[in-house]
Amino acid sequence: MLLPVFTLKLRHKINPRMVAVGRYDGTHPCLAAATQAGKVFIHNPHTRSQHFRAPRVLQSPLESDVSLLNINQAVSCLTAGVLNPELGYDTLLVGTQTNLLAYDVYNNSDLFYREVADGANAIVLGTLGDISSPLAIIGGNCVLQGFDREGNDLFWTVTGDNVHSLALCDFDSDGKKELLVGSEDFDIRVFKEDEIVTEMTETEIITSLCPMYGSRFGYALSNGTVGVYDKTARYWRIKSKNHAVSIHAFDLDSDGVCELITGWSNGKVDARSDRTGEVIFKDNFSAAIAGVVEGDYCGDGRVQLICCSVDGEIRGYLPGSDEMRGNLVDTSVEQDLIRELSQKKQNLLLELRNYEENAKVEVSGPPNEADGQRGVIPANTKLHTALSVNLGSETQAAHAELCISTSNGKTFCTGGVCRRPGCPGGRLSNRRPSPLFPADTIIRAVLIFAEGIFLGESHVVHPSLHSLSSSIRIPITPPKDVPVDLHLKTFVGYRSSTQFHVFELTRQLPRFSMYALTSPGSASQPLSYVNFTIAERAQRVVIWLSQNFLLPEDTSIQNAPFQVCFTSLRNGSQLRIQIKLSGEITVNTDDIDLAGDIIQSMASFFAVEDLQVEADFPAYFEELRKVLVKVDEYHSVHQKLSADMADNSNLIRSLLVRAEDARLMKDMKAMKNRYMELYDLNKDLLNGYKIRCNNHTELLGNLKAVNQAIQRAGRLRVGKPKSQVIAACRDAIRSNSISTLFRVMRVGTASS
């Protein structure tokens, strides 16, 4: 069993996810963590006699080896590392919702202090792509910014939603780091500098990311899920009722491969194999974990895994020796594993006995009723599945529909869109009963496992006894336009069965399954459009359509030119795709997100590296114009409030001096008047602060809308045109040229 090599108990609380270890003097690792009241403490046990003396730093009254750094704002993120290689030691970086501080702990000085209007929710330090100097990259309100050692803004781009986690990882194994971004819209995006390489959709907010080795990285979600990806392939994941506060990669068992270390909200720390997710070590704290880091904290040349809890307890673990390899867990964990394996053994023995009984029935002759109770069904029984579009009714909203049926029941599903009365889903074909099994097989229950569709990622359909049949229809309503794998477990038997056969299969739900094919003249054409050209045959476009939409089986699309029209099952909006002989494609939709999804899907299917488009979304652009006007107004109010606060601060100093003068002169009446004026002025300052807070909140909301608009304009393009649009949009906003901004969004360039 692995035991901690040291345990510390600091009398300072630690904020979750805000712990870092740095060599601030170039030699000794020190622990820095955000604590209460807008402060950061620095624990330096190596030079206890060294006391910092600086405006920002004061000695902790609770511990001699702890110094407190005054930030005077709530800390939102924190890290440490080499920002300036010429210094030879690490820099402490502290982010708040309005500023980023790069602090030289050794010299007690600010390297830079930058205002960040979009806030800093997450931070990572390192080199990105071909940018030679290390960058402090922060993620905020839909924006990513990278600052060099002098505070210059060398990197800027937008992402889909508020950023919650960042990591640097060599995702494509080219020897250069890519930026992994986890955001509130459940997506993990991979940036190669300012270009998105790929996206992975998860089921909840991505709260933590950490590189492991090579292209492999770990992730944690807000619903208690942790797992490991290798590029876009997920190796494993597990889900807990507790929240994963911090994850870190560390080789704890000395096998040369890093394990995923997770600190949980219930105080547990565990280490899991990067390949299987199997627990190889765990320990428990009395309070929730605040952070997991590593460093040579003992100063003996060996790196320890350092785990910190929110109440200030710190434990350090050395990697296990060769003798302890494979024996890091205590005996209780081994007993749990033996109990789990024994349970699996019993289940497998029961399954084997059922198979043996079924084999006996097939050899002995025609089955009887008792065999049906045991779940014996014909050996050639198959399960049919079909996906279709259900246009809904007065009592049920429109949705996609999964139809499951058995091959030896009365009917089975063939898919498509059927509008016959009583059959809103896939068509049903007749099936004669088997002569050996005169009764029809029925579906007793269906279990569906799918990410992002059902609450808890699973759904169970269990019909009542009087409604059992050989087919079953299940409504599916995906909230986002992403392809989803439906993992099905179907229980098949007879009405009298007490045991059932379980059929397991996987069916993929197409990306745009929530759009129903309609006739071109059934609705008016949307005013908004995107127009682009792809050098592909029309039949290839038809293949893309069939793979991404739920088209009826009898759909026949002729060669170009042609057009297809769809109606959204979510809100009834129209989508029209027109293809001309020249390869020019026009997508008409008022939903700019849908247009971006279609373009990105086409670009991936046709392997298009660069794609420029012409786009116009009049209604959306008009809303954006109003938002930009509000942003200007909020900026003006912010400047006025800041100026008023500065004036009041000067007046406070003057009143304090005058009140003190009156006290020394024993003029109590004048002193009282001055303090009454101070009281009134303080009330005005508090009211002004509330107004500033509300103004700042509104400003952030509108800035988020602007950043999302830039990101959406970028998603309408692919490759270099995408990066150019994002950069040109930022330049237009900096120069306050709204007309240029909209021109860039429409045609992709600022030039006429």
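Placed above this text is the structure.
Keep in mind it's a predicted model, so treat the numbers as computed, not measured.

Rules and cut-offs
- Residues numbered from 1 in each chain as written.
- Predicted model: local features only at pLDDT ≥ 70, side-chain atom pairs only at ≥ 80, totals over all residues.
- Heavy atoms only, no water.
- Helix = DSSP H or I, 4+ residues; strand = E, 2+ residues; numbered from the N terminus.
- Buried < 20%, exposed > 50% of the residue type's maximum accessible area, 1.4 Å probe, protein only.
- Contact = heavy atoms within 4.5 Å.
- Phe/Tyr/Trp six-rings, centres within 6.5 Å; stacked < 30°, edge-to-face > 60°.
- Lys NZ or Arg CZ within 6 Å of the ring centre and 35° of its normal.
- Arc of directions from axis to C-beta.
- Pairing = 2+ DSSP bridges.
- Core = buried A, V, L, I, M, F, W, Y, C linked by side-chain atoms within 4.5 Å.
- Axes fitted to C-alpha atoms, helices over the stretch in contact; angles between N-to-C directions.
- Salt bridge = Lys/Arg side-chain N within 4 Å of Asp/Glu carboxyl O.

Let us look at the overall build of the protein chain. Scanning the protein chain from terminus to terminus reveals eight helices and 44 strands. Looking at the protein chain as a whole, 51% of its 752 residues qualify as buried. In the protein chain, the proportion of contacts linking residues at least 24 apart, taken out of those at least 6 apart, comes to 56%.

On to the packing of aromatic side chains. Inspection of every chain in the model, using the stated rule, returns 17 aromatic pairs. Ring geometry for tyrosine 515 versus phenylalanine 549: centroids 6.5 Å apart, planes at 70°, classification edge-to-face. With tyrosine 515 in strand β39 (residues 515–518) and phenylalanine 549 in the loop between α3 (538–548) and β41 (562–568), the pair connects residues that are 34 residues apart, well separated along the chain. As far as the burial class goes, tyrosine 515 and phenylalanine 549 line up, both buried. Ring centres 5.1 Å apart and planes at 85° place the aromatic pair phenylalanine 605 and phenylalanine 606 in the edge-to-face group. What makes phenylalanine 606 buried here is its relative accessible area of 6%. Of the aromatic side chains, those joined through ring pairs into one cluster are Phe512, Tyr515, Trp544, Phe549 and Phe566. Geometry around phenylalanine 285 places arginine 315 over its ring, the cationic atom sitting 4.0 Å from the centre.

Burial in α3 covers these residues: Ala538, Val541, Val542, Trp544, Leu545 and Asn548. Projected onto a plane normal to the axis of α3, the buried residues spread over an arc of 160° and lie on a single side. Contacts made by the buried residues of α3 are with β41, β42 (574–579) and α4 (592–605).

Quick look at the pairing of strand β15 (residues 163–169) now. Among the seven residues of β15, six are classified as buried, and the element is accordingly described as predominantly covered. As judged from the six bridges shared by β15 and strand β16 (residues 178–183), these two strands associate in the antiparallel manner. For leucine 168, the partnering residue across the bridge sits in β16 and is leucine 179.

This part takes up the nonpolar core. A general feature of soluble globular proteins is that nonpolar side chains tend to end up buried together. Core analysis: the biggest nonpolar cluster contains 57 residues, and Val530, Phe532, Trp544, Phe549, Ile577, Leu716 and Met745 have the highest contact counts within it. In terms of residue count, α4 provides more of this core than any other element does, seven residues in total. Setting aside residues up to four positions removed in sequence, leucine 716 forms contacts with Val530, Ile592, Ala595, Gly596, Ile599, Val613, Ala615 and Phe617. Listed in part, the 29 residues of the second largest apolar core include Leu387, Val446, Ile448 and Ala450.

A few words now on the environment of leucine 125. Of note, leucine 125 is situated in strand β11 (residues 122–128). Leucine 125 gets classed as buried once you look at its relative accessible area, which sits at 17%. The sequence separation of leucine 125 and leucine 168 amounts to 43 residues, and the corresponding C-alpha distance is 8.2 Å. With residues near it in sequence (within four places) discarded, leucine 125 still touches Thr79, Ala80, Gly81, Val82, Leu83, Leu93, Leu135, Ala136 and Leu168.

This brings us to the sheet that holds strand β29 (residues 313–317). Within the open sheet, the four strands sit side by side as β1-β29-β28-β27. Their pairing is antiparallel. If you trace the sheet from one side to the other, it starts and ends with β1 (6–9) and β27 (289–295), each paired once. Going from strand to strand, the sheet's axes swing by 15° on average, the running direction of each strand aside. Examined bridge by bridge, strand β28 (residues 304–309) and β29 share four bridges and lie antiparallel to one another. Opposite cysteine 308, over in β29, you have isoleucine 314 as the bridge partner.

In this structure, arginine 663 sits in helix α5 (residues 618–664). The exposure class of arginine 663 is partly exposed, given its relative accessible area of 40%. Sequence-distant contacts of arginine 663, that is, excluding residues within four places in its chain, are made with Met668 and Met671.

This brings us to the pattern of salt bridges. Pairing is possible between side chains of opposite charge, provided their charged atoms come close. With the rule as written, the count across this model stands at 40 salt bridges. Among the salt bridges present, the one from arginine 715 reaches aspartate 597, with a minimum N-O distance of 2.6 Å. Separated by 118 residues along the polypeptide, arginine 715 in helix α6 (residues 668–715) and aspartate 597 in helix α4 bring together distant segments of the chain. A cluster of three or more residues bridged by salt bridges with shared partners is formed by Asp185, Asp187, Arg189, Glu199, Lys480, Arg511, Asp597 and Arg715.

So, on to unusual backbone geometry. Look at alanine 37: it is not a glycine, yet its phi comes out positive at around 60°. One non-glycine residue, phenylalanine 186, adopts positive backbone phi at about 75°. The residue phenylalanine 186 is located in the loop between β16 and β17 (187–192) in this model. Taking the relative accessible area as the measure of exposure, phenylalanine 186 reaches 27% and is therefore partly exposed.

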